[in-house]
There are 2 protein chains.
Amino acid sequence: MLNKIPQAAVPRLSLYYRALLESRGKDYISSEELSKLTNFTAAQVRRDLTYFGQFGTPGKGYAIEGLKKAIVSILGTDKNWDVALVGVGNLGTALLSYRGFEQQGFRVVCAFDSDLRKIGKTLEGIKVQDTTELEAAVKAKNVQIAIVATSAEGAQKVVDILIGSGVKAILNFAPIRPHVPPSVNLLNIDLSIELERLAYFLTKSSG
Amino acid sequence: MLNKIPQAAVPRLSLYYRALLESRGKDYISSEELSKLTNFTAAQVRRDLTYFGQFGTPGKGYAIEGLKKAIVSILGTDKNWDVALVGVGNLGTALLSYRGFEQQGFRVVCAFDSDLRKIGKTLEGIKVQDTTELEAAVKAKNVQIAIVATSAEGAQKVVDILIGSGVKAILNFAPIRPHVPPSVNLLNIDLSIELERLAYFLTKSSG
DNA sequence: CGCCCACTGTTAAACATTTCACAAATAGCA
DNA sequence: TGCTATTTGTGAAATGTTTAACAGTGGGCG
Ligand SMILES: NC(=O)c1ccc[n+]([C@@H]2O[C@H](COP(=O)([O-])OP(=O)(O)OC[C@H]3O[C@@H](n4cnc5c(N)ncnc54)[C@H](O)[C@@H]3O)[C@@H](O)[C@H]2O)c1
Ligand SMILES: NC(=O)c1ccc[n+]([C@@H]2O[C@H](COP(=O)([O-])OP(=O)(O)OC[C@H]3O[C@@H](n4cnc5c(N)ncnc54)[C@H](O)[C@@H]3O)[C@@H](O)[C@H]2O)c1
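Since this is a predicted model, take the numbers as computed values, not measurements. Each chain has its residues counted from 1, following the order in which its sequence is written. As a convention, the first chain written is A and the first ligand written is 1, with the rest following in written order. Reporting in this predicted model follows two pLDDT cut-offs: at least 70 for local features of residues, and 80 or more for side-chain atom pairs to be given and counted; totals over whole chains, interfaces and linings ignore these cut-offs and use all residues. Values reported for side chains reflect all heavy atoms of the structure, with hydrogen atoms and water molecules removed beforehand.

Thoughts on the domain arrangement of chain A
Think of interface size as the accessible area that goes away when the parts come together; that is how it is often given.
Working step 1: Note that the domain bounds were set by an automatic or database domain assignment. Taken as a whole, chain A is organised into domain 1 (2–75) and domain 2 (81–193).
Working step 2: Relative to domain 2 of chain A, the C-alpha centre of domain 1 of chain A lies at a distance of 32 Å.

Rendered as structure tokens:
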């Protein structure tokens, strides 16, 4: 087993898991079959899986149920994760009402905003709290994952409070790149930049 | 100028542009200063920019206004792009009401849903149309970019219709990987997978 | 029990991207 | 004009990732 895991291998693991979910009724699946289901090469499937351990049986393939258990254990999706949401605007509200996350073990347990018109409202069973209560609430609940869906202006300050409260992983939707220490994992979802990537592709293709 | 541009250089270009916007009041900026503003190395800034041309002046740096113009021209954000939105649910509604895209030259010009309760409603000045009208409307307006925010089940069919209608670039939020021909650029925003990446990080860090 | 087959795990090669280090270029100034 | 300070642009090296090829392993079967 190599000891350096490419960052891109982790989301592929999630996709292999989804493919396994579609493979009901069989006991074993080969890297070739997983390749067809995911559009990654069979070599990459095997390589990716060996980054994390040895799960296959030569001559048979991978035991589907065993591999599923292994992947959820590696990703940590066998546990339940409590999530704090900061910024209950258009996007935050959509995220709050999305039921898909709970199926993966992610549960929004508290939500915060700085706008008095939003504080106190109850959405999807969650009462929106004032951002001044963020630190205390996150510490009390020992929340480790936060979603930031505030305006760009508020985002860095919110991220600082989250880190000070012990949050170790942040999904940020605001169009800035917040500064975080190396011990905190930050993922930025920057939709304007994604659209610009598409515009670049179109511009390049058509002259 | 090398002829192979790393895919990752394109979103970095967007980030350099943002940094330039923050650099008002100066005429020139060095790769070192851009490095500080973006947290990429100065060497990477210079290398990235030379992928697309020669914009700097040795001894002085990059002319800020000129570089801004160059970047928007490369990305295509100097033009206006009409966007079609398919799936006006929680997420689609949030995207529709987001004003930030228009500032970058992206304008949602039509929206579609298959749910009778949504068809005919007007949101943000856009009347939600039946998906059966998708092909005709997209062809008539010559839309090149589409956002897919339907349920997972509907997404592949919607993508097929979009491609048949001439759409060349798609931003997909449904948790599947639609099949598209190589001539179409597809970007997937898969929030469950992003959360799983965070869970992996937390699991790995804490044992 | 031993052979064959199918498929994994892995070594090595190919490919891609980033970093390093410096020659070449320009501005500014005496 | 010639010299110096500065900063670009870019070969070359280092690093990282993917693909290819196959040796080795285990299971099934005669
Ligand atoms: N809505 C979209 O489709 C979309 C698309 C791309 C990017 N974004 C980004 O996502 C973020 C949220 O977008 P939105 O459309 O929901 O915006 P929004 O204005 O509807 O909501 C932002 C919310 O954050 C709250 N907020 C601001 N500062 C805060 C703070 N310090 N603490 C707590 N709450 C605070 C505001 O009160 C508001 O309720 C923005 O940064 C936006 O740029 C959104
Ligand atoms: N809301 C979120 O925060 C969130 C988070 C992660 C992923 N997603 C994904 O984004 C997508 C949209 O999420 P949502 O919360 O808005 O869901 P939603 O159920 O609120 O909205 C989906 C909309 O798509 C429409 N639709 C379904 N099939 C269609 C078709 N064939 N043509 C046109 N419209 C069709 C539905 O009528 C509905 O209005 C889903 O695939 C979801 O898995 C959403």
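Examining the relation of the copies chain B and chain A
Superposing the two chain copies requires a rotation about an axis and a translation along that axis.
Working step 1: For this overlay, a least-squares fit was computed on C-alpha atoms, restricted to residues scoring pLDDT of at least 70 in both copies. Mapping chain B onto chain A leaves a residual RMSD of 0.0 Å; the transformation is a rotation of 180 degrees accompanied by 0.0 Å of translation along its axis. The relationship between the two copies is best expressed as a two-fold rotation axis.
Working step 2: Here, two residues are considered to be in contact whenever any of their heavy atoms come within 4.5 Å of each other. Mapped onto chain A, 100% of the interface residues of chain B are again interface residues, and the two copies thus contact each other with one and the same surface.

Quick word on the pattern of salt bridges
Between side chains of opposite charge, a pair can form as their charged atoms come close.
Working step 1: When a carboxyl oxygen of Asp or Glu is within 4 Å of a side-chain nitrogen of Lys or Arg, the pair counts as a salt bridge. Evaluated as defined, the whole model comprises 22 salt bridges over all chains.
Working step 2: Note that Lys 139 of chain A and Glu 135 of chain A form a salt bridge whose closest N and O atoms lie 2.8 Å from each other. Of this pair, Lys 139 of chain A and Glu 135 of chain A both sit in helix H7 (residues 134–141), 4 residues apart, which is roughly one turn of that helix.
Working step 3: The exposure class assigned to Lys 139 of chain A is partly exposed, which follows from its relative accessible area of 47%.
Working step 4: In this structure, the salt-bridge partner of Asp 78 of chain B is Lys 79 of chain B, at a minimum N-O distance of 4.0 Å.
Working step 5: Within this structure, Arg 99, Glu 102 and Glu 124 of chain A form a network of salt bridges that share partners. In this description a helix means any DSSP run of H or I spanning at least four residues, a strand means any run of E spanning at least two, and both kinds are numbered starting from the N terminus. Exposure is judged per residue with a 1.4 Å probe applied to protein chains only, and the accessible area is read against the type maximum: over 50% gives exposed, under 20% gives buried, and values in between give partly exposed.

Topic: the packing of aromatic side chains
Working step 1: Classification of ring pairs rests on two measures: the distance between centres of Phe, Tyr or Trp rings, Trp counted by its six-membered ring, which must be within 6.5 Å, and the angle between planes, read as stacked under 30 degrees, edge-to-face over 60 and tilted in between. What the rule picks out here adds up to 6 aromatic pairs over all chains.
Working step 2: Consider the rings of Tyr 98 of chain A and Phe 101 of chain A, whose centres lie 4.7 Å apart with planes at 80 degrees: the pair is edge-to-face.
Working step 3: Judged by its relative accessible area of 37%, Tyr 98 of chain A is partly exposed.
Working step 4: A ring pair is formed by Tyr 200 of chain A and Phe 52 of chain B, whose centres lie 6.1 Å apart and whose planes are at 90 degrees; its orientation type is edge-to-face. Here the residue Tyr 200 of chain A occupies a position in helix H9 (residues 191–205), and Phe 52 of chain B occupies one in helix H3 (residues 42–52), the pair thus bridging two chains.

Comments concerning the site of ligand 2
Working step 1: Residues in contact with ligand 2 amount to 25 residues; listed here are only the nearest, Tyr 98 of chain A together with Leu 91, Asp 113, Lys 118 and Thr 150 of chain B.
Working step 2: For ligand 2, an oxygen atom lies 2.7 Å from a polar atom in the side chain of Tyr 98 of chain A.
Working step 3: Residue Phe 173 of chain B places a main-chain N or O atom 3.5 Å away from an oxygen atom belonging to ligand 2.
Working step 4: Exposure was quantified through the Shrake-Rupley algorithm and a 1.4 Å probe, taking into account, for residues, occlusion by the shown protein chains and nothing else. In isolation ligand 2 offers 810 Å² of accessible surface; the protein chains occlude 85% of this area.
Working step 5: Elements with a contribution of two residues or more to the shell around ligand 2: helix H5 (90–96) of chain A together with helix H5 (90–96) and helix H8 (152–164) of chain B.
Working step 6: For this scheme, ten residues count as nonpolar: Ala, Val, Leu, Ile, Met, Phe, Trp, Tyr, Cys and Pro. Four count as charged, namely Asp, Glu, Lys and Arg, and the remainder, Gly too, count as polar. Class assignment for the residues of the shell around ligand 2 results in 14 nonpolar, 8 polar and 3 charged. Nearness here has a simple test: a residue counts as near a molecule or strand if at least one of its heavy atoms is within 4 Å of that partner. Pairing of N or O atoms within 3.5 Å defines a polar contact, subject to two protein rules: one partner must be a possible hydrogen donor and the other a possible acceptor, and residues neighboring in sequence count only if both atoms are side-chain atoms.

Here's the deal with the interface of chain B and chain A
Working step 1: Between chain B and chain A, the residue contacts involve 54 residues of the former and 54 residues of the latter.
Working step 2: Here the buried area means the combined drop in accessible surface, using a 1.4 Å probe, for two parts upon being joined, counting both sides. Taken over both partners, the interface formed by chain B and chain A buries close to 5000 Å², and the fraction arising from carbon and sulfur atoms is 71%.
Working step 3: For the pair chain B and chain A, the number of links is 2 salt bridges.
Working step 4: A salt bridge links Asp 190 of chain A to Arg 18 of chain B; the nearest nitrogen and oxygen atoms lie 2.8 Å apart.
Working step 5: Listed by contribution, the elements that provide at least two residues to the side of chain B that touches chain A are helix H1 (9–21), helix H4 (64–75), H5, strand E9 (169–172), strand E10 (185–188) and helix H9 (191–205) of chain B.
Working step 6: In terms of residue count, H9 of chain B provides more of the side of chain B that touches chain A than any other element does, 13 residues in total.
Working step 7: Looking at the side of chain B that touches chain A residue by residue, the class counts come to 32 nonpolar, 14 polar and 8 charged.

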